[in-house]
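Residue-level structure breakdown
Read off the chains here:
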Amino acid sequence: DLDIVIKEAVVSTQSTGAGSKRKRMWKVEPNDSIRFTVIRHPLSRLVSHYRKTMVSASDRDEFRDQWIKATIIHARKKKSWSSNQRKKFEQELENMLRLDVETPKNPSNPYLALPTFPELVRFILDSQKTHDSRGSNDHWVPNAKRTDICQNDLDIVIKLENEWTELPYLLEKLNITQYTDKLMSKANPSGDENVASTEVEEHLKLLTKNEQTQLNKMYQIDYDIFGYEPVNV
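Worth saying up front: this structure is predicted, and the values here are computed from it rather than measured.

About the criteria used
- Residues numbered from 1 in each chain as written.
- Predicted model: local features only at pLDDT ≥ 70, side-chain atom pairs only at ≥ 80, totals over all residues.
- Heavy atoms only, no water.
- Buried < 20%, exposed > 50% of the residue type's maximum accessible area, 1.4 Å probe, protein only.
- Helix = DSSP H or I, 4+ residues; strand = E, 2+ residues; numbered from the N terminus.
- Pairing = 2+ DSSP bridges.
- Salt bridge = Lys/Arg side-chain N within 4 Å of Asp/Glu carboxyl O.
- Phe/Tyr/Trp six-rings, centres within 6.5 Å; stacked < 30°, edge-to-face > 60°.

Counting buried positions along strand E2 (residues 33–39) gives seven out of seven residues, so the element sits mostly inside the fold. Side chains of E2 alternate between two faces, with Ser 33, Arg 35, Thr 37 and Ile 39 and Ile 34, Phe 36 and Val 38 buried alike. Relative to strand E3 (residues 156–159), E2 is paired through four bridges, and the arrangement is parallel. Residue Thr 37 lies in a different strand from E3, and its bridge partner there is Val 157.

Structure follows, in C-alpha cells:
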C-alpha cells in the first residue's frame, strides 16, 4: 500500500515494476523490481518524533517508553545514589509511564513523566559513545543508516520535502499512475528541502552550541549523501 509512503516520515520498501535488470539481494525479489525509499531532513525527523511523543501519552507505546525511560534515567539519576535508591527511582518512573501520567507542571520534579528535548539529545549523543542501542531509534538515526543506502541498491530516493514534484515520477515508474490523485492529495506541498521549520529552529535553540555541532556531525553523512544542509541557530 503506497499510502505508507505518505503517512510515514521515512520508509524503505520495495514494489514490483519495470525497473533495471540488476540482481537483487533477496531471492524473493524480482530482478525487475524498483527499489525506493522516502527520506526527510534528519533534524526534522528527530523533532517531529519528539513532538508527537510529547503531545499525548496515548501516542506512546512500549518501544517509545523504553527510550523515554532511558533518557530520563540518563538525565536525572544522581551519582551519589545507592543501588537501592536507583532501583526505587526506576520503578516509580516506570509506574508513572504505565499509568500515562501527564507531565507535571513543576519542571524540577525528578519524576517528570516525559523528557525535555535537550535531555533526549544528550542521551542520543552519549549513546553514540557508549553504543547503547536504545539511543539508535529509527526515528532519529541518519537516513543513510536507516535505509542502509550502501547495501540496498536503491533505484529512487524521494525527499519528503520534494514529494510534490518527485512522487509522480515514482508512480510512473511503478506503472500505477491511476493512484496519482489519491496520493498527491496527501503529499507534502513544501518546496524547499533545506529550510528548517520554525518548530525545528525553536527546539534547536534549547541546545548549547556544542550540542548543535555534535548533532550536525552525527547527521553529516545525510548532508553529504542526500544534499541536506546542517541547521544552526
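The next point concerns the pattern of salt bridges. In total, this model carries seven salt bridges according to the counting rule given. Linking Glu 90 and Arg 86 is a salt bridge whose minimum nitrogen-to-oxygen distance equals 2.6 Å. In this pair, Glu 90 and Arg 86 are both assigned in helix H4 (residues 83–98), four residues apart and thus about one turn of the helix distant. A salt bridge links Lys 205 to Glu 202; the nearest nitrogen and oxygen atoms lie 3.3 Å apart. Look at Glu 202 and you get partly exposed, because its relative accessible area is 41%.

Before going further, it helps to spend a moment on the packing of aromatic side chains. One pass over the full model with this rule turns up three aromatic pairs. Between Tyr 50 and Phe 117, the ring centres sit 5.3 Å apart and the planes meet at 65 degrees, which makes this aromatic pair edge-to-face. Remark: Phe 117 occurs in helix H5 (residues 117–130) and Tyr 50 occurs in helix H2 (residues 42–55); sequence separation between them is 67 residues. Each member of the pair Tyr 50 and Phe 117 is classed as buried. Relative to Trp 140, the ring of Trp 67 has its centre 5.3 Å away and its plane inclined at 85 degrees; by these criteria the two rings are edge-to-face. Highlighted residues: Trp 67 in helix H3 (residues 62–76) and Trp 140 in the loop between H5 and helix H6 (143–146), separated in sequence by 73 residues. Pair check on accessibility: Trp 67 and Trp 140 agree, each one buried.

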